[in-house]
Amino acid sequence: MKRLLSLLLAAFICLSPVPVAVFAEEAEASAWDAVDEKYDVYQLVTAPKSGDILVLFNPGNGRMLSSADEGYYKAGTAPAVTGGTYLASDDDTVRWTVSIDETGIYHFTQDEKTLGVEKSGSYVNLKTGGGETGFVVTPFAPGGDLYRIRSATVETGYGFAYLEYYAGKNVF
């Protein structure tokens, strides 16, 4: 029984990091002339680069990572959908500028705020303006446009801390 329970727990831990789609702001807006001007248009990217403005999006739940706090969590914001295209409003809380340092570690910022991970006891929370700010971004599947995003340094008893979406709370 203990062996079965440990196998189930191991499977849960391996499958729990939720893939996140990374969208970069599109340079050519002319194809989107019919889109209301209050929205920014983003497209899926296969390799985020330093200087890109991104929206971190959980496609399984249709939520973007916001820098707005929801208790101990970061809010999950729903994009507008027009003709199957996801649109981010001009709300700056969902727009992240990416930088990649010389070691390949990603950093996500908004003005003076930097997304970070903070561990307190057995809990790990996303922070803006605190915590460890480096992230490792890896493809969820070869050749795909979904990514796993994890802390470069913060570990729990189960391994590195991943960016996760909690559907029951509508938060990251």
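Above this text you will find the structure in question.
Residues numbered from 1 in each chain as written. Predicted model: local features only at pLDDT ≥ 70, side-chain atom pairs only at ≥ 80, totals over all residues. Heavy atoms only, no water.

J.: Is there a simple way to explain the pattern of salt bridges in this structure?
T.: Between side chains of opposite charge, a pair can form when the charged atoms approach closely. As enumerated under the stated definition, the model contains two salt bridges in all. Here K74 makes a salt bridge to D69, at a shortest N to O gap of 2.3 Å. According to the relative accessible area criterion, K74 is buried, its value standing at 1%. Classification of D69 by relative accessible area gives exposed; the value is 54%. E118 serves as the salt-bridge partner of K127, at 3.9 Å between the closest nitrogen and oxygen. (Salt bridge = Lys/Arg side-chain N within 4 Å of Asp/Glu carboxyl O. Buried < 20%, exposed > 50% of the residue type's maximum accessible area, 1.4 Å probe, protein only.)

J.: I keep staring at the packing of aromatic side chains and nothing clicks. Help me out?
T.: Applying the stated criterion to the full structure yields four aromatic pairs. Here the aromatic rings of F108 and F135 are separated by 5.7 Å at their centres, their planes lie at 55 degrees, and the arrangement is tilted. Here F108, found in strand β9 (residues 106-110), pairs with F135, found in strand β12 (residues 135-139); they are 27 residues apart in sequence, far enough to count as distant. Each member of the pair F108 and F135 is classed as buried. Grouped by ring-pair contacts, the aromatic residues Y106, F108 and F135 constitute a single cluster. The lysine or arginine in question, R150, covers the ring of F160, its NZ or CZ lying 3.8 Å from the ring centre. (Phe/Tyr/Trp six-rings, centres within 6.5 Å; stacked < 30°, edge-to-face > 60°. Helix = DSSP H or I, 4+ residues; strand = E, 2+ residues; numbered from the N terminus. Lys NZ or Arg CZ within 6 Å of the ring centre and 35° of its normal.)

J.: Honestly, unusual backbone geometry in this entry has me stumped. Any pointers?
T.: Both trends apply: most residues other than glycine have a negative phi, and most peptide bonds are in trans. Backbone geometry at D111 places phi at a positive 50 degrees, although glycine is not the residue there. Structurally, the position occupied by D111 is in the loop between β9 and β10 (113-120). Since its relative accessible area comes to 75%, D111 is described here as exposed. The backbone of N170 sits at a positive phi, close to 60 degrees, despite the residue not being glycine. Relative to the helices and strands, N170 resides in the segment after β14 (159-162). With relative accessibility at 28%, the residue N170 sits in the partly exposed group.

J.: How do you make sense of the environment of L163 when you look at a structure like this?
T.: Along the chain, L163 falls in the segment after β14. For L163, a relative accessible area of 5% corresponds to the buried category. Distance from L163 to L126, taken between C-alpha atoms, is 8.2 Å for residues 37 residues apart in sequence.

J.: It is not clear to me how the side chain of H107 should be interpreted in this structure. Could you clarify?
T.: Following the sequence through the fold, H107 ends up in strand β9. On the basis of relative accessible area, H107 is assigned to the buried category, the value being 18%. At a separation of 3.2 Å, a polar atom in the side chain of H107 contacts the main-chain carbonyl oxygen of T133. Setting aside anything within four residues of it in sequence, one finds H107 in contact with T97, V98, S99, D101, T133 and G134. (Polar contact = N/O pair within 3.5 Å; in protein donor to acceptor, adjacent residues only side chain to side chain. Contact = heavy atoms within 4.5 Å.)

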